[in-house]
Structure formats: structure tokens, C-alpha cells
There are 2 protein chains.
Amino acid sequence: MNDKAIRPAAYIFDVFGTVVDWRSSVARFATAFFAARDITIDGPAFADFWRGLYVPAMARIRSGNRGYVPLDQLHFENLLECLENFGLQSELTEEECWALNAAWENLDPWPDCVPGLHALKKQAIIAPCSNGSIALMTRLARYGGLPWDCILGAEIAQNYKPEAVVYHACCNALRLSPDQVMMVAAHNDDLEAAQAAGLKTAFIARPTERGPGQSRDLSATGNWDRVIGSMDQLA
Amino acid sequence: MNDKAIRPAAYIFDVFGTVVDWRSSVARFATAFFAARDITIDGPAFADFWRGLYVPAMARIRSGNRGYVPLDQLHFENLLECLENFGLQSELTEEECWALNAAWENLDPWPDCVPGLHALKKQAIIAPCSNGSIALMTRLARYGGLPWDCILGAEIAQNYKPEAVVYHACCNALRLSPDQVMMVAAHNDDLEAAQAAGLKTAFIARPTERGPGQSRDLSATGNWDRVIGSMDQLA
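Residues numbered from 1 in each chain as written. Chains lettered and ligands numbered in written order. Predicted model: local features only at pLDDT ≥ 70, side-chain atom pairs only at ≥ 80, totals over all residues.

Thoughts on the overall build of chain A
Link 1 in the chain: When its secondary structure is counted, chain A shows 10 helices and 6 strands.
Link 2 in the chain: Compactness check: chain A gives a C-alpha radius of gyration of 18 Å against a globular reference of 18 Å for 235 residues, within 12% of the reference.
Link 3 in the chain: Along the longest, intermediate and shortest principal axes, the C-alpha atoms of chain A span 55 × 35 × 30 Å.
Link 4 in the chain: Relative to its 235 residues, chain A shows a buried fraction of 46%.
Link 5 in the chain: Put simply, 64% of the contacts in chain A that link residues at least 6 apart link residues at least 24 apart. (Helix = DSSP H or I, 4+ residues; strand = E, 2+ residues; numbered from the N terminus. Rg over C-alpha atoms; globule rule 2.2 N^0.38 Å. Buried ≥ 20, exposed ≤ 12 C-beta atoms within 10 Å, placed from the backbone. Contact = placed C-beta atoms within 7 Å.)

Below you can see the structure in the form of C-alpha cells.
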């Protein structure tokens, strides 16, 4: 269906899990944040619980039951629930909660990403197509040295992946048709939605994204245009 | 009113004229484009006429008489009128017109901009706040090596400067208040609107932007927070 011989004019990327290691980074950030207040937490468990509230929070917006709010706001609301779960709800002021919320702006890229993105940028436009906001993605790029050409994703579509409008908004913003754009992700469901929206697809496995017990997305489960082992293979 | 001692968290930039030399670049691009078809044009006159249609084209959108369309589309429509003015309307196919429209994606930065922006990026977020679209600004950044952190401006606001909503949309997208953001421009009217919207302001003179006969914006005419001689003075 897609002409694999034609190089994409742009590559757009899922970010959490695909480009950056959110679990280790949030665990480390939260552990240090509480340690500075003489509180010991189980960092990975805290990161997992916080992240676990992400999909249900977006679902209310995707279904139209709530207007679009940026992911920063959802992360903040989810943090309050997370703090309550860990019995920490009375430990932090609102301002401190926002400071802890910045954990999501301080995520380490997987080691192959920065060199791979620099190489790819010489050939094509590169941009995130993440559910993260422009504010979040901008700060994350500065933290990790991600050389994006522009920030695309949920905010320009005012909706969340895997709604087709998000992939289409990215293509439209670049004045490209979907078949000129390749979506890169470590999640088969993201690629399934992108492929259904007419984009080309590339899968990269991140088998430790969810920690040692990861059971899904260990390999490509769809008919993707590319399956790569590291980002530099896209260039 | 503004606390000049507090450094902005982000700097946003007018681009056409402030960061890039649109007149010389469009003149050169168009001259070469027609020369390849054995047609001689007056490049600077062509650039001036084309650019002269820019403000009236946006005015229809700013007044609400037309929905938002990206500047690429306005440039294209204005090009058709420009071709007619120069008696060239039957010389180009629609595809060729779009190729010529890409003149606006191939504009040389003023010599101080690339080093100045790299230095400033180490201290604060930098982004265009231009009437150019995401597609245009992205390609222009790649052409000129402009190291933006993200692309802001008219498209995320779905309106055109100097409407206040454009400046506010840029601040909101960065999760910053207007007084944390400095607008940098070579045009006093742009800064007037940005200041009215609550942003900090910096003026930089570009006395040859409009060619040898330039009569406006030769110096700062408002009470701006900064007046700089080159971009590296922002850092």
C-alpha cells in the first residue's frame, strides 16, 4: 500500500517510552524530591501509579466528556490522586506539587535517540507527535537535547492520540499528506492508529520502558513499514 | 511596570525582517526562478510588490471576514496577483507557482541571528512569534539554521499579529505569563501590540529590511524594555 521506496519528508515520534525513559526518570526525580523532605518513597512504584492514571484521564477528553486541557494539567490532577494513594497528600503545597509535576519535563532520552535524531534531521523534518503539551515537549527537548524542528502533537490538534485528528493535524501543520510522513513509536497501538490515518509507520522495541515485568510491545505486532533496533537506523 | 531585573523565561521573535532578510532573499530566489525560464524580472520590485499584498490579505482574516488560513495560502494568492501585475500570469503552472511560493522558506538570516540565537538558547526558551505558518517557519529554520526550541505564532492562535490573541497564545503554549516573555522585533507596531498584551519588548533596528529607501522603523519609537544593536546582546 505504501511505497516503501519513497523516503518520508517528515518523521514524527511518540515520545514517552519511544524517545525517553519516563519510568526510571520519574522514579529518580520523585525519589530525590521526597528525599529532600526526609520522605522515603518507592520511586518506580510511584512512577507506575502516576503513569497508570494517564490513559483514563485522557479518555474523558477523547470521548468528548471534557474539553481539551494540556497534559500538564492532567499530570497535576493525577499527581494529587497519586499522592493520596501513597499517603502523601498532606506533605506538599500546591506550588510543590507543580514542582514535582516537572518530573515529566526531565526525562532522559534512550541512549540511541540524540545521535539518531541529529542524523535523521539532516535528511527530513523531525518532530514529536506526543500527547505532551508544547510547554512540556519544549522543556523536555531542552533537558535532553532533542533537536526537533518543531513541536507537534496533541496540543495543535486539541485532542489526544490515538484519535486520528492528532496524526492528521501533524501532517497538515507540515503541509504534507499522511503518506509523506512516518510515525515512529514503541507502541503497536499508536502505530495502528497512525497507519489507519494513512501515515507510514516504524516500530522500535523498548522492552524495559515499563520496567522488568513488561509484557506488551516487546515486538512488532502489525505490518509496519519499518522495524528498527535503534533510532540511527531511520537515517 | 515591567521588572527589568528579572530575565525573561522565553524570548519570542518576529521573523520576517527581524530575523531574516526577506527582501533580498525573495528578490534573489524569484530572479533565479524566472532566469531558469529565460525571463528577466526586477527582483526587488517583484519582492516589494508581493510583500505589499501581505497586510491587506491578513486584514480580512483579522477583521473576521475570512476564517484563518495559513500564510502559505495567502502568499500563494498574492503571488497570482503579483504575477498578473508583472504580466507573467501565463508563464507558470500551478505547481510552478507553489515552487516559487517556497521563496518564503528560503530566506537568509541577518548575520547576527544564528550566533545570537544559539547563545540565547542556553539561557531561555526561544521561539518565533511570526505570522508565518508552522510549515513555513519549520522549513525556514532548517534553511537558515535557526535553533528554535519550538514554533509558535499565528497558526497556534489561528489569527494574525498584531491581534493580542497571538501573543497570548504563545505565552499560554509555554505555560508562562506575558510578563515572563519578551517579544523581539524590528517593527515598532509589533512591539506596541505585544506591550499592550503584557509582554516585555526588545527592539532591534533593521534599516535595510525594506531596501535603500526605508523610511520607517529606523529607530525605536516606543518605551521598550530593551533596544539592542544585534541579537547577541539579548544573551
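What follows picks up the thread again.
A look at the interface of chain A and chain B
Link 1 in the chain: At the interface, 15 residues of chain A touch 15 residues of chain B.
Link 2 in the chain: Looking at the side of chain A that touches chain B, the elements with two or more residues in it are helix 7 (134-144) and helix 8 (154-157) of chain A.
Link 3 in the chain: Broken down by class, the residue content of the side of chain A that touches chain B amounts to 9 nonpolar, 1 polar and 5 charged. (Nonpolar A, V, L, I, M, F, W, Y, C, P; charged D, E, K, R; others polar.)

Side note on the relation of the copies chain A and chain B
Link 1 in the chain: Overlay of chain A on chain B (RMSD 0.0 Å): rotation 180 degrees, translation along the axis 0.0 Å. When the rotation and shift are considered jointly, the pair of chain copies conforms to a two-fold rotation axis. Of the C-alpha atoms belonging to chain A, the one lying closest to the rotation axis is found on C150 of chain A, 2.4 Å away.
Link 2 in the chain: With an isologous cut-off of 70% or more, the 100% of interface residues of chain A that recur at the interface of chain B puts this contact in the isologous class. (Least-squares fit on C-alpha atoms with pLDDT ≥ 70 in both.)

With respect to the confidence of the model for chain A
Link 1 in the chain: On average, chain A scores 96 in pLDDT, and the residues at 70 or more come to 98%.
Link 2 in the chain: Predicted as a complex, the structure gets a pTM of 0.96 and an ipTM equal to 0.96. (pLDDT = per-residue confidence, 0-100.)

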